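Survey of secondary and tertiary structure
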Amino acid sequence: MSSLCEHLTKIFETVFEQLELPRANAKINVSKQGQNCQFQCNGAMASAKIARKKPHDVAKDIIDQVKKNTLNKDIFKEISIGGPGFINITLNDSFIENHIKEISNDKKYGIKESGEGQNIVLDYGGPNIAKAMHVGHLRSSIIGDALRRIYKYAGYNTISDIHMGDWGTPMGMILSELELMGFDGEITMDMLAEIYPKAAAACKEDEKRLALAREATRKLQEGDPTYTQTWKKFIDVSIEGIKKNFDALGVHFDEWKGESDAHPYITDMINDLKRRNLAIESDGALIMPVSKEDDKKEIPPLILLKSDGAVLYSTTDMATIIDRIKTYNPSKIIYIVDQRQHLHFEQVFRAVHIAGIAPKDKVDLVFAGFGTMNGSDGKPFKTRAGGVMRLSDLISMAKEKATLRLNEAALAKDMDELERKNVAHKVAIAALKFADLRNDRVTDYIFDIDRMTSFEGKTGPYLLYQAVRIQSLLRKAGIENQIEINSLKIDDIDRDIALLLSEFPDHFNNAINQNSPHILCDYAYRLAQEFSSFYGNCHILSEPDKKIKTSRLALCQQSHKQLCLILELLGIEIPDRM
Ligand code: ARG
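Residues numbered from 1 in each chain as written. Predicted model: local features only at pLDDT ≥ 70, side-chain atom pairs only at ≥ 80, totals over all residues. Heavy atoms only, no water.

Digging into the pairing of strand 8 (residues 285-288)
Of the two faces of strand 8, both are covered, the one formed by Ala 285 and Ile 287 as well as the one formed by Leu 286 and Met 288. Bridge count between strand 7 (residues 280-282) and strand 8: three bridges; the pairing is antiparallel. By the bridge assignment, Ile 280 is partnered in strand 8 with Ile 287. Here strand 7 folds back onto strand 8, and the loop between the two strands holds two residues, one of which, Asp 283, carries a positive phi near 50°. Here strand 8 runs beside strand 9 (residues 302-305); their pairing, made up of three bridges, is antiparallel. (Buried < 20%, exposed > 50% of the residue type's maximum accessible area, 1.4 Å probe, protein only. Helix = DSSP H or I, 4+ residues; strand = E, 2+ residues; numbered from the N terminus. Pairing = 2+ DSSP bridges.)

A word on the packing of helix 19 (residues 518-537) against helix 20 (residues 546-569)
The packing of two helices is summarised by the inter-axis angle and the distance between the axes. Running from N to C, helix 19 and helix 20 point in directions that differ by 155°, and their axes come no closer than 10 Å. One finds that helix 19 runs roughly antiparallel with respect to helix 20. As helix 19 runs across helix 20, the sense of the crossing is left-handed. Residues Leu 520, Tyr 523, Ala 524, Leu 527, Phe 531 and Phe 534 of helix 19 lie in contact with helix 20, whose contacting residues are Arg 552, Leu 555, Cys 556, Ser 559, Gln 562, Leu 563, Ile 566 and Leu 569. Tallied by class, the residues present in the contact of helix 19 with helix 20 amount to 11 nonpolar, two polar and one charged. (Axes fitted to C-alpha atoms, helices over the stretch in contact; angles between N-to-C directions. Parallel < 35°, antiparallel > 145°, perpendicular 65-115°, else oblique. Left-handed = near helix turned anticlockwise from the far one by under 90°. Contact = heavy atoms within 4.5 Å. Nonpolar A, V, L, I, M, F, W, Y, C, P; charged D, E, K, R; others polar.)

Structural notes on the sheet that holds strand 2 (residues 39-41)
Pairing is antiparallel in the open sheet, where four strands are placed in the order 1-2-4-3. Only two strands of the sheet have a single neighbouring strand rather than two, namely strand 1 (28-30) and strand 3 (76-82). Each strand axis lies, on average, 25° off the axis of its neighbour in the sheet, ignoring direction. Taken strand by strand, helix 3 (residues 55-68) contacts strand 3 and strand 4 (86-91), and its axis lies near 165° from that of strand 3.

Section: helix 2 (residues 43-51)
Three or more residues of helix 2 are buried, namely Gly 43, Ala 44, Ser 47 and Ala 48. The arc that holds every buried residue of helix 2, seen down its axis, measures 145°, which confines them to one face. If you follow the buried residues of helix 2, they end up packed against helix 1 (4-18), strand 2, helix 3 and strand 4. One or two residues past the end of helix 2 sits Arg 52, with phi positive at roughly 50°. (Arc of directions from axis to C-beta.)

Here's the deal with the environment of Val 66
Along the chain, Val 66 falls in helix 3. Judged by relative accessible area, Val 66 falls into the buried class, the value being 1%. C-alpha separation for the pair Val 66 and Ile 79, spaced 13 residues apart in sequence, amounts to 9.1 Å. Once residues within four sequence positions are removed from consideration, Val 66 is found in contact with Phe 12, Val 15, Asn 72, Phe 76 and Ile 79.

Brief notes about the packing of aromatic side chains
Where two aromatic rings form a pair, the distance of their centres and the angle of their planes describe that pair. Summed over the entire model, instances satisfying the criterion amount to 18 aromatic pairs. Residues Tyr 335 and Phe 349 carry aromatic rings whose centres are separated by 5.5 Å and whose planes lie at 45° to one another, so their mutual orientation is tilted. Residue Tyr 335 is found in strand 10 (residues 332-338), and its partner Phe 349 is found in helix 12 (residues 342-355); the two are separated by 14 residues along the sequence. Judged by centre distance (6.1 Å) and plane angle (65°), the ring pair of Phe 504 and Phe 508 falls under edge-to-face. Of the two residues, Phe 504 and Phe 508 both sit in helix 18 (residues 504-513), four residues apart, roughly one turn of that helix. We note that Phe 504, like Phe 508, is buried. (Phe/Tyr/Trp six-rings, centres within 6.5 Å; stacked < 30°, edge-to-face > 60°.)

Read these as spatial facts, not as claims about activity.
Okay, structure coming up:
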């Protein structure tokens, strides 16, 4: 099962081969010309030089050859030359109808299980123990969880790992602070929230205080039993808080590992690197050069050990790769991390390639960086007071706004308190997630709570509203289960929505190939809009002709299914009613 574009491309590839033109030029795209034609092939233009003919003549040869094949007779309504040599294509309605039937009868709506038998690790979330989670962690979690769902849908065995920051100097800061306080009782979340900023501020001001923190970090990393015991206690408390946040967001992790889980691999890894002269001493530290001769800008060496023997972020990331390869044997590891850590990952990837830890042909290491979520001032988003915005506060803020919006739009009116709250929660999460996912991953975006919670425009709430609206239409029509799509009959009114439905596999494939959920956001929004105009332009429930009515309802049903599926892939839950 393939998309219409893929299907047509195959036909043209055969023709290009027959005419001895480059197969790669046979690609068919959805036409951007609107009414003029439905699909286009620009391959005649691209092949003119090789064919030593005018593009117009090459296009004519291609069209003649396509028409020669009697099998193609039922497919094309019109196939003609546009401009200097573009090939414009319009399909027979019956062909489109058949394709929609196939898509809707396919259990994956045309998506191939290309990942079957492959394990893939997704590294996202990355909260740091004892520190408040901030909007950077929000982006990582939202994008990461969407990618997990997308890969899973394509048949991959996905393993998502939260990779908590639980092993660096902040751990020593807390341990030394507790020691200075003489505290050894029960640690609570509130206490941690106070202790860490206090300790961090003290370390910033006072070298001696920082030395204490470093010493405690080193001891912890060496396995000091007292420190380890205290560390375990506050890790557990911190994880409890983190879990609550991710539950509210509906973000899932298969593994709750941290930087500390890489520890058992570090000594052997370092000894091995030293033995092979890949790691060398420099100013008391142990470093690993990773630069290449053809580097355009300087890539500094990776630091494995500080002069006091403590390990760093890069060291744990390298060792984590050893752990992941051993435990999951993945064909791919994707890191969904702030774009500003790009250099760090470049160093780590180079280092594991040089060391042979992760051979390039065995595991694909992918850095899927994301841009910053900014405030209206264009600077990284902060609270009014200029502090870090806690994730929990952000969610509460979105919920409050969603409740207001529901009131304004007179939605969820006749619901009891509990259901209303539930709907407001779903609207809030849809708003937050969609506002984030709709942007090209690497670009920065401005956090605008008013815009993202609106029921109009390219927002999560708008899509929820459309999905609920189609659902209620189907309910009214008495369609609870799958209706037979065999009676599909399209005409001028519903051709556009049918063609758009057939595009789904193309957008899904682009989203997965580029690790870019925004491609699915664009498609979902277009689908919702197209549905809205289809719904506005024709009779559905009141259509007297039974055949036409069933056909239109079938299109409604397919639109609903695809919209719901995409929202699910984006991690957005839809209320039953609104
Ligand atoms: N804890 C890190 C941070 O807050 C993110 C971790 C990303 N993942 C990784 N394998 N380094 O910046």
